[in-house]
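# Observations on the three-dimensional arrangement
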Amino acid sequence: MSLTDTNAASATQPIVSVTNLIKQFGRFAALRSVSADFAPGRLYAILGDNGAGKTTLLRALAGLTQPTQGKISILGSSDIRSVCGRIGYMAHPSLLYDEMSGMENLRYFAQLYGTKDEQRCTSAIAAVKLDPALQRPVGQYSQGMRQRLSLARALLNDPKILLLDEPFSNVDVRSAKEMVSLLAQMRDAGKTIFVVTHQAALLDDAADEFVRMEAGKIVSRTFELHLEEAR
Amino acid sequence: MSLPSGIIRATLAKDLRLEWRSKDAINSMLFFALLVVVIFSFSFDPLAEESRRIAGGLIWVAFLFAAVTALNQTWTRELRNQVLDAYRVSPAPANSLFLAKAFGNFIFVSVLEALMTPLFIIFYNLRSIGPVWELIPVAALGTWALVVNGTFFAAMSLHTRSREIMLPLLLFPISIPALLAMVNATTNILTGEDSARFWIVLLATYDVVFTIASLLLFELVLDAE
């Protein structure tokens, strides 16, 4: 299915829309005129080789990198700062303080979103199957536990849009499948989820659309993973 | 310009907790300042009168150099695991982060001063002739002058390749007026020859100007790529 067909298929107003997005790092163009609309309540798997522009696109959507040219509209606003409280972002690094425990990290980040609700931290940590009572500093967590805590941090503000960069890297298969199942539940609850991954097979059943990027461009959007793999 | 006090308190508490556990900043500052005191005391053997004249300069230069190590640490820990990005994607204002960091550095440098000042007094046999209480506003305003610019320029040099060199290169020239005021005020108080009031007012003005400028510009610094 072509990009135009996909867009036509989604009758609803896009929740995320990018138009002619260009991002240059010096002379290197990480994004080359990317245009796409993304419908709400769907799980998008963003695929592509290293250097394809996946992380840059996600960082631009999170408001962490300013596009050189082009427009981004999220939740109806072109000012990402004004809607950032409704976006959850999980990066490839953990974005956590190694010297603090999981709950201490979550309590601090929850306060940045204006909440001191202990229950919210406990539910977020429980959702990723970690023990809230764990007193160990994050620096002593396994890589998989860090990834799950990082996801819990991204869920703290109950976001409408989740941007996840390589959430399954260094996670064992069973935990990764549990994470996929959690993401599918959140998608069913109405959240829009973008997952940048090299492990597309994990999302075979859960993703609504597979978006393939190459050399800073979206080259295809498909509903089935095998079509993608056939390319 | 909104400054939610809850976020400032939370960030300050987090920084104090991290420092309490790692002791990165305090240990390096104390070690450095202690070395300066000992080396200077061996290098000079001043009489009491001479001590009063040079102590202001020695003490503030020692604190300035020692503070730089703490200022670098403040932001270095935000770079580990790119944790600063977690702050940037949240709705928390950049100014709150800046103020919390500046307050944190103020506490660290004040602790250093509280521990090192008695050593200075002993090593240099200092006795003040002027009003000693005036040293309190000089210390408070002088410390704030160092940390407010230091916190700002440490953030500015965060993404540069040799940030540990860059910070003193940016910070020291801009701190000259404040340093001049601190040294002259301290010397005037210790010697009792002149009033320190002019220098204290200058220091207060410097603090107000640079605090406002830092608050206005910090968001640009934080978002710089």
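Scroll up to find the structure.
In what follows, the accompanying structure is described.

Reading guide: rules and limits
- Residues numbered from 1 in each chain as written.
- Chains lettered and ligands numbered in written order.
- Predicted model: local features only at pLDDT ≥ 70, side-chain atom pairs only at ≥ 80, totals over all residues.
- Helix = DSSP H or I, 4+ residues; strand = E, 2+ residues; numbered from the N terminus.
- Rg over C-alpha atoms; globule rule 2.2 N^0.38 Å.
- Buried ≥ 20, exposed ≤ 12 C-beta atoms within 10 Å, placed from the backbone.
- Pairing = 2+ DSSP bridges.
- Axes fitted to C-alpha atoms, helices over the stretch in contact; angles between N-to-C directions.
- Bend = angle between axes of the 7 residues up to and from the residue.
- Contact = placed C-beta atoms within 7 Å.
- Nonpolar A, V, L, I, M, F, W, Y, C, P; charged D, E, K, R; others polar.
- Core = buried A, V, L, I, M, F, W, Y, C linked by C-beta atoms within 7 Å.
- Parallel < 35°, antiparallel > 145°, perpendicular 65-115°, else oblique.
- Left-handed = near helix turned anticlockwise from the far one by under 90°.

### Section: the overall build of chain B
Scanning chain B from N- to C-terminus turns up 8 helices and 0 strands. Ordering the α and β elements of chain B from the N terminus gives α-α-α-α-α-α-α-α. A compact globule built from 225 residues would reach a C-alpha radius of gyration of about 17 Å, and chain B, at 18 Å, matches this within 12%. If you line up chain B on its principal axes, its C-alpha atoms span 55 × 30 × 30 Å. Out of the 225 residues in chain B, the part that is buried amounts to 45%.

### Notes on the sheet that holds strand β5 (residues 87-90) of chain A
All names here are of chain A. Strand order across the open sheet formed by 6 strands is β5-β6-β7-β3-β8-β9, with mixed pairing between neighbours. Strands at the two margins of the open sheet, each flanked by one partner only, are β5 and β9 (217-222). Between one strand and the next, the sheet's axes are offset by a mean angle of 15°, whatever the strand orientation. The pairing of strand β6 (residues 161-165) with strand β7 (residues 192-196) spans 5 bridges and is classified as parallel.

### A short note on the sheet that holds strand β4 (residues 69-74) of chain A
Residues and elements named next belong to chain A. The strand order β2-β1-β4 describes an open sheet built from 3 strands, whose pairing is antiparallel. This sheet does not close on itself; its edge strands, each paired only once, are β2 (28-38) and β4. Between one strand axis and the next, the sheet turns by 20° as a mean value, whatever way the strands run.

### Let's talk about helix α7 (residues 163-191) of chain B
At B:Ile176, α7(B) shows its largest bend, some 55°, and a proline, B:Pro177, comes one to four positions later. After α7(B) finishes, the residue B:Gly192 shows a positive phi value of roughly 70°.

### Topic: the interface of chain A and chain B
Facing the 24 residues of chain A at the interface are 21 residues of chain B. Secondary-structure elements contributing two or more residues to the side of chain A that touches chain B are β5 and α4 (102-112) of chain A. Across the side of chain A that touches chain B, the residue classes tally to 15 nonpolar, 6 polar and 3 charged.

### What about the nonpolar core?
A:Leu163, A:Val195, B:Phe63, B:Ala67 and B:Leu203 are the most contacted members of the largest nonpolar core, which totals 138 residues. It is helix α6 (residues 135-156) of chain B that contributes the most residues to this core, 13 residues altogether. Once residues within four sequence positions are removed from consideration, A:Leu163 is found in contact with A:Leu58, A:Leu61, A:Ala62, A:Ile87, A:Gly88, A:Tyr89 and A:Phe194.

### Quick look at unusual backbone geometry
Positive phi, normally seen in glycine, also occurs at A:Lys129, with a value near 65°. The exposure class of A:Lys129 is partly exposed, given the 13 C-beta atoms found within 10 Å. Phi at B:Gln82 takes a positive value of approximately 50°, unusual for a residue other than glycine. Within the element layout of this structure, B:Gln82 appears in the loop between α3 (48-79) and α4 (83-88). Residue classification places B:Gln82 among the partly exposed positions, given that 16 C-beta atoms sit within 10 Å.

### Thoughts on the packing of helix α5 (residues 94-124) of chain B against α6(B)
Residues and elements named next belong to chain B. Contact geometry of α5 with α6 gives a least axis separation of 9 Å together with a crossing angle of 130°. Accordingly, the angle class assigned to the pair α5 and α6 is oblique. Viewed along their axes, α5 and α6 form a crossing whose handedness is right-handed. Where α5 abuts α6, its residues Phe98, Lys101, Ala102, Asn105, Phe106, Val109, Ser110 and Glu113 lie against Ala139, Thr143, Trp144, Leu146, Val147, Val148, Gly150 and Thr151. Residues of the contact of α5 with α6, tallied by class, amount to 9 nonpolar, 5 polar and 2 charged.

### Considerations on the environment of A:Ser77
Residue and element names in this part refer to chain A. Within the secondary structure layout, Ser77 lies in the loop between β4 and α3 (80-83). Sequence separation of Ser77 and Leu203 is 126 residues, and the distance between their C-alpha atoms is 29 Å. With residues up to four places along the chain from it excluded, the contact list for Ser77 reads Ser82 and Val83.

Nothing here speaks to function; it is geometry throughout.
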